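So you can see what is in the structure, the chains are spelled out below.
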Amino acid sequence: MTSFQTPVTVLVIGAGSRGRTYADYLRRHPDEGRVVGVAEPDEERRAHFAREYGLSPEASHATWHEALSGSREADAVFITTPDHLHVAPARRAAECGYHILLEKPMAPTEVECRAIVDAVTQAGVIFGVCHVLRYTPHTRVLKRLLASGAVGEIVSVQHLEPVGYWHQAHSYVRGQWRSEAQGSPMLLAKSCHDLDWLRYVVGLPCERVSSFGSLKHFRRENQPPGAADRCLDCPPEVEAACPYSATRLYLGQVAVGVTGWPVNVLTESPSVETVTTALRDGPYGRCVYACDNDVVDHQVVNLEFAGGTTASFTMTGFNRMRGRETHIFGTMGELVTDSRTIQVYDFLTERIETIDTAAEEGTYDLSTHGGGDDGLVRAFLAAVAAGDPRLILSGPLETLESHTMVFAAEHSRREAQIVSML
């Protein structure tokens, strides 16, 4: 496979929140990569991105079709379009010879996922999916501990994704991922990389899956008496008692100087005026009990791996937003972690060892998946520069396998049956 001189050149397809996040790594590490083009249908967002990265009008495209219609503009593409718009640009980019970093999930259906894997395999391009949890300093340390036998053989795992009450409202009730028809089931959209991470940590193929979950709370029948369908119109006494108030969330963020996520999803230039306008006219100002959402707000998944190892996973929006929490039970010890600090209890010594995994890189930032965003892009650029797909931890086959676990879980939840993966 051909190697490239650094910096690797990148065309960003989709300049939304995730596209900007991955592109920002290139801005901070210009010796590794450089943004040379963008494709984004939203005119304001496209113009903002082009100004930020110094792109010419010729390098700024309204559609991915336009960006991928001529000769290659870059070594690689970041595809961060909505979930249901991944397949066509990914297949076309592969045909054009671009190396591809694709936002998770690959696609909303197994058939579409397999189509992408077939396309990149046939084209022989380097391909990575944004399963950022594999690339965190925390996961590196955890894998090292497990490989050293710190808890012996893994018997079972409990894993929690505490989505956070306001993040649930922002992304999965009011936001882009609120509807299965417009995107994916929430387990696929939010937590396909949790099941992927469990597969990676356990290190064994999954054989059986069961799942339960529903949209329990964010429904019209739970709207408080007297509440308006828009938070700006809600009576003060009702709004003050609602933890999901869009007025409190977004204008509160602006009041303390936040101009990034989540307020930059509402407007490219957050201010009291622009955010208020977005709350008045856009989807993020709606009452959480008066939206067109249909994805679950809580779900549990049970997994049985080869050899009898089991795992249970809980995804819920009813909690304080924080890092994922994991409890691993082994034959020689147990391990508890909050995505930053790992505690290992040794059965023989009856002692607890505590490790702060942020010491690996000196920082821990929940908004960047604990360093996973940077780790992912760094690995992808290195793989392209070296022409070595082995530097990618989340390649096509690994990703397809863990995606099929998600599809099995969704089948189980809907059909009320245990699904065999054999």
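Residue indices follow the written sequence of each chain, beginning from 1 at its first position. The predicted nature of this model means local features are confined to residues of pLDDT at least 70 and side-chain atom pairs, given and counted, to a pLDDT of 80 or more, with totals for whole chains, interfaces and linings taken over all residues. Working from all heavy atoms in the structure, the side-chain values ignore hydrogens and water.

1. Some thoughts on the packing of helix α6 (residues 137-147) against helix α8 (residues 186-202)
Working note: a packed helix pair is described by the angle between its axes plus the distance between those axes.
Argument step 1. The angle between two axes is taken between their N-to-C directions and runs from 0 to 180 degrees, where each axis is a line fitted to C-alpha atoms and a helix contributes only its stretch in contact. What counts as a helix is a DSSP run of H or I of at least four residues, what counts as a strand is a run of E of at least two, and both are numbered from the N terminus. Following both chains from N to C, one finds α6 and α8 inclined at 30 degrees, their axes separated by 10 Å at the closest point. Taken together, the axis directions place α6 and α8 in an arrangement best described as roughly parallel. Of α8, the residues touching α6 (which contributes His138, Thr139, Leu142, Lys143 and Leu146) are Trp197, Tyr200 and Val201. Angles are sorted into four bins: roughly parallel if under 35 degrees, roughly antiparallel if over 145, roughly perpendicular if 65 to 115, and oblique for all others. Every residue pair with non-hydrogen atoms within 4.5 Å of one another is taken to be in contact.

2. Quick look at the pairing of strand β7 (residues 154-162)
Argument step 1. Counting buried positions over the nine residues of β7 gives seven, a clear majority of the element.
Argument step 2. Here a strand pair is declared whenever DSSP counts at least two bridges between the two strands. Of the pairings in the sheet, the one linking β7 to strand β11 (residues 325-330) comprises six bridges and is antiparallel in character. Bridge assignment links Ile154 to a residue of β11, and that residue is Gly330. In this scheme, a residue with accessible area under 20% of its type's maximum is buried, one over 50% is exposed, and one in between is partly exposed, where area comes from a 1.4 Å probe on protein chains only.

3. A few points about the pattern of salt bridges
Argument step 1. Here a salt bridge means any side-chain nitrogen of Lys or Arg lying within 4 Å of a carboxyl oxygen belonging to Asp or Glu. Summed over all chains, the structure comprises 28 salt bridges.
Argument step 2. The closest approach of N and O atoms between Arg178 and Asp292, which form a salt bridge, is 2.6 Å. Separated by 114 residues along the polypeptide, Arg178 in the loop between α7 (165-173) and α8 and Asp292 in the loop between α11 (272-281) and β9 (298-305) bring together distant segments of the chain.
Argument step 3. Ionic pairing is found between Arg413 and Glu180, a salt bridge with its closest N-O pair at 3.8 Å. Of this pair, Arg413 sits in helix α13 (residues 396-415) while Glu180 sits in the loop between α7 and α8; the two residues are 233 residues apart in sequence, bridging distant segments of the chain.
Argument step 4. Among the residues examined, Arg413 registers a relative accessible area of 18% and is labelled buried.
Argument step 5. The structure contains a network of salt bridges with shared partners spanning Arg20, Glu40, Arg45 and Glu268.

4. Considering the packing of aromatic side chains
Argument step 1. Here a Phe, Tyr or Trp ring, Trp counted by its six-membered ring, pairs with any other such ring whose centre lies within 6.5 Å, and the pair is stacked when the planes are under 30 degrees apart, edge-to-face when over 60, and tilted otherwise. Tallying each qualifying case throughout the model produces ten aromatic pairs.
Argument step 2. On the numbers, 6.4 Å between centres and 40 degrees between planes, the contact of Tyr172 with Trp177 is tilted.
Argument step 3. Assessed through its relative accessible area of 5%, Tyr172 is described here as buried.
Argument step 4. Residue class for Trp177 comes out partly exposed when judged on its relative accessible area of 26%.

5. A word on the nonpolar core
Buried together is how nonpolar side chains tend to be arranged in soluble globular proteins.
Argument step 1. For this analysis, a nonpolar core means a set of buried residues of the types Ala, Val, Leu, Ile, Met, Phe, Trp, Tyr and Cys, connected via side-chain atoms within 4.5 Å. With 70 residues, the main nonpolar core has Ile100, Met106, Leu195, Leu303 and Ile328 as its most contacted residues.
Argument step 2. Counting residues per element, this core draws most heavily on α8, at nine residues.
Argument step 3. Ignoring sequence-local partners within four residues, the contact set of Ile100 consists of Val77, Ile79, Ala90, Ala93, Ala94, Val120, Val125, Ile126, Phe127, Gly128 and Phe380.
Argument step 4. Membership of the second largest hydrophobic core comes to 31 residues, among which are Phe49, Cys130, Val132 and Tyr135.

6. Let's talk about the sheet that holds strand β1 (residues 8-13)
Argument step 1. Reading across the sheet, the six strands line up as β3-β2-β1-β4-β5-β6 and stay open at both edges, with parallel pairing between neighbours. Both edges of this open sheet fall to β3 (60-61) and β6 (127-129), since each of them pairs with a single strand only.
Argument step 2. Summarising the sheet, strand β5 (residues 99-102) and β6 pair through three bridges and their orientation is parallel. Among the inter-strand pairings, Leu101 is bridged to a residue of β6, identified as Gly128.
Argument step 3. Across the sheet, helix α2 (residues 43-53) lies against β1, β2 (33-39) and β3, angled at about 155 degrees from β2, the strand it touches most.
Argument step 4. Strand contacts of helix α12 (residues 372-386): β1, β2, β4 (76-79), β5 and β6, with the helix running at about 170 degrees to β5, the strand carrying the most contacts.

Everything listed is a geometric property; what it means functionally is a separate question.
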